[in-house]
Amino acid sequence: MRHLMSPLDFSVEELERLLDLANDIENHRDKYAHACDGKKLATLFYEPSTRTRLSFEAAMLNLGGSVLGFSSADSSSAAKGESVADTIRVISCYADIAAMRHPKEGAPLVAALHSGIPVINAGDGGHQHPTQTLTDLLTIRSLKGRLGGLTIGLCGDLKFGRTVHSLINALVRYENVRFVLISPEELRVPDYVREDVLRKSGHEFTEVTRLEDAIPELDILYMTRVQRERFFNEEDYVRMKDFYILDKEKMRLAGPEMMVLHPLPRVNEISVEVDSDPRAAYFKQAQYGVYVRMALILTLLEVNVC
Ligand code: CP
């Protein structure tokens, strides 16, 4: 039985197969409509979510399966003190596969260790968000035709943004990827990402503060929101929250082929006037999230569709 805790749980070759499957699903939806008939997905969300939970549910419904679960800790027996380990033991009796989001780093791993069914990490604290990374990789590969040979700017809250940490981990496995890390001093990537992942990989990376200086050289601009829920005090959040606002003026500095991605939700960091720019790909990215989660469910449940 296989779980997904980190994007690195798949080798580069396995990842290629998963992304190929996602593209096949995109192009032949009917072929997969009954692939998971009779199977159940449990969504165990101890933290708020729109895209991840609902795209997982849409993915399982698209495959002919059904879904059950909870969308907040308050509406589960966690509110009475039940442990993650006990919860997953019970859920293993009700469902075939589970996706878990939790505010504590490592909680989905604890679940996986006690589970009788595959567990997918749907985001754990400020640590990892592997299915967002699969979504990002599918979006980049589908729209750019490759994952190597790109200059990628990651902008915003690089300290708490788990999507950024997961994406960097995944992209260092491809050749000639250059990283431009754009953040205020207080929100730079954690040391373990800078030293243990980026520096060890040998990939070129720079850290800058001004988006305007970085944007002309980028193939991809990956915007992120400042993670209010991870700040210890509101005053610091308020000081940081509008540090970057991508607007039409800044988009004029970018190349014609640069793509803007964002895991969403956005707050103010991308002005709505950018939405109509053909380089804005963040809503397309959300659609790719359904295809890649369908591919992931099929892979972990070992369902083959001919
Ligand atoms: N991208 C993402 O994780 O969105 P949600 O928090 O809405 O699931």
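So, how was this worked out
Residues numbered from 1 in each chain as written. Predicted model: local features only at pLDDT ≥ 70, side-chain atom pairs only at ≥ 80, totals over all residues. Heavy atoms only, no water. Helix = DSSP H or I, 4+ residues; strand = E, 2+ residues; numbered from the N terminus. Rg over C-alpha atoms; globule rule 2.2 N^0.38 Å. Buried < 20%, exposed > 50% of the residue type's maximum accessible area, 1.4 Å probe, protein only. Lys, Arg positive; Asp, Glu negative; His and termini not counted. Charge placed at Lys NZ, Arg CZ, Asp CG, Glu CD. Axes fitted to C-alpha atoms, helices over the stretch in contact; angles between N-to-C directions. Parallel < 35°, antiparallel > 145°, perpendicular 65-115°, else oblique. Left-handed = near helix turned anticlockwise from the far one by under 90°. Contact = heavy atoms within 4.5 Å. Nonpolar A, V, L, I, M, F, W, Y, C, P; charged D, E, K, R; others polar. Arc of directions from axis to C-beta. Near = heavy atom within 4 Å. Polar contact = N/O pair within 3.5 Å; in protein donor to acceptor, adjacent residues only side chain to side chain. Pairing = 2+ DSSP bridges. Right-handed = clockwise from strand over helix to strand, strands pointing away. Expected span 1.5 Å × (residues − 1).

Asker: Describe in detail the overall build of the protein, supporting the description with residues and values.
Answerer: In terms of helices and strands, the protein carries eleven helices and nine strands. Over its C-alpha trace the protein gives a radius of gyration of 19 Å, about what one expects of a compact globule, namely 19 Å for 306 residues. Referenced to the eigenvectors of the C-alpha coordinate spread, the extents of the protein come out at roughly 55 × 45 × 40 Å. Burial analysis of the protein (306 residues in total) assigns 55% to the buried set. Between the averaged position of the 36 positive side-chain charges in the protein and that of its 44 negative side-chain charges there is a distance of 2 Å.

Asker: Talk me through the packing of helix α6 (residues 162–171) against helix α7 (residues 191–201); I want residue IDs and the actual numbers.
Answerer: For the pair α6 and α7, interaxial distance at closest approach is 10 Å and the crossing angle is 10°. Between α6 and α7, the interaxial angle falls into the category roughly parallel. Here α6 and α7 pass one another in a crossing that is left-handed. Mapping the contact onto sequence places H165, I168 and N169 in α6 and Y192, V193, V197 and L198 in α7. Grouping the constituent residues of the contact of α6 with α7 by class yields five nonpolar, two polar and no charged.

Asker: Residues and numbers for α7, please.
Answerer: Every buried residue belonging to α7 is among V193, R194, V197 and L198, and all of these are buried. The buried residues of α7 occupy an angular sector of 125° when projected down its axis, which confines them to one face. Of the residues in α7, the exposed ones pointing more than 90 degrees away from the buried face are D191 and K200. Lining the buried residues of α7 we find α6, β6 (178–182) and β7 (205–208).

Asker: Would you mind going over the site of the ligand in detail, with residue names and values included?
Answerer: Around the ligand sit S49, T50, R51, T52, R101, H129, Q132, P263 and L264, and those are all the residues in its vicinity. Contacts to the ligand include S49, whose side-chain N or O atom sits 2.6 Å from an oxygen atom. One nitrogen or oxygen atom from the side chain of R51 is found 2.9 Å from an oxygen atom belonging to the ligand. Across the shell around the ligand, the residue classes break down as two nonpolar, five polar and two charged.

Asker: Can you explain the sheet that holds strand β3 (residues 97–102)? Please cite residues and give values.
Answerer: One open sheet accounts for four strands, arranged β2-β1-β3-β4; its pairing is parallel. Here the strands that pair on one side only, and so sit at the sheet edges, are β2 (66–70) and β4 (119–124). Strand-to-strand twist of the sheet, defined as the mean angle between neighbouring strand axes without regard to direction, takes the value 15°. The sheet contact formed by β3 and β4 spans four bridges and is parallel. Bridge pairing in β4 places A99 opposite I120.

Asker: How would you sum up the pairing of β6? Please name residues and give values.
Answerer: Two faces, one strand: in a regular strand the side chains alternate between the faces of the sheet. The element β6 is extensively covered by neighbouring structure, given that four of its five residues are classed as buried. Taken together, the five bridges between strand β5 (residues 151–155) and β6 define a ladder with parallel strand orientation. Bridging from a neighbouring strand, T151 pairs with R178 of β6. Direction of pairing for β6 relative to β7: parallel, over a ladder of four bridges. Its bridge partner lying in β7, L181 is registered against E207. Between β6 and its parallel partner β7, the chain crosses via α7, and the hand of that crossover is right-handed.

Asker: Go over the packing of helix α1 (residues 12–27) against helix α11 (residues 282–300), please, and point to the residues and values.
Answerer: Running from amino to carboxyl end, α1 crosses α11 at an angle of 120°, the nearest separation of the two axes being 8 Å. Looking at the two axes, α1 sits oblique to α11. The two elements α1 and α11 meet at a crossing, and its hand is right-handed. Only Y288, Y291, V292, M294, A295, L296, L298 and T299 of α11 make contact with α1, whose side of the interface consists of L18, L19, L21, A22, I25 and E26.

Asker: Talk me through helix α2 (residues 51–62); I want residue IDs and the actual numbers.
Answerer: If you check α2, its first and last C-alpha atoms are 15 Å apart, about what twelve residues at 1.5 Å a residue would give, namely 16 Å. Buried within α2 are the following residues: T52, R53, S55, F56, E57, A59 and M60. Each element contacted by the buried residues of α2 is listed here: β1 (40–45), β2, β3, β4, α5 (130–144) and α11. Taken from the residues just after α2, G64 is the one with a positive phi, measuring 90°.

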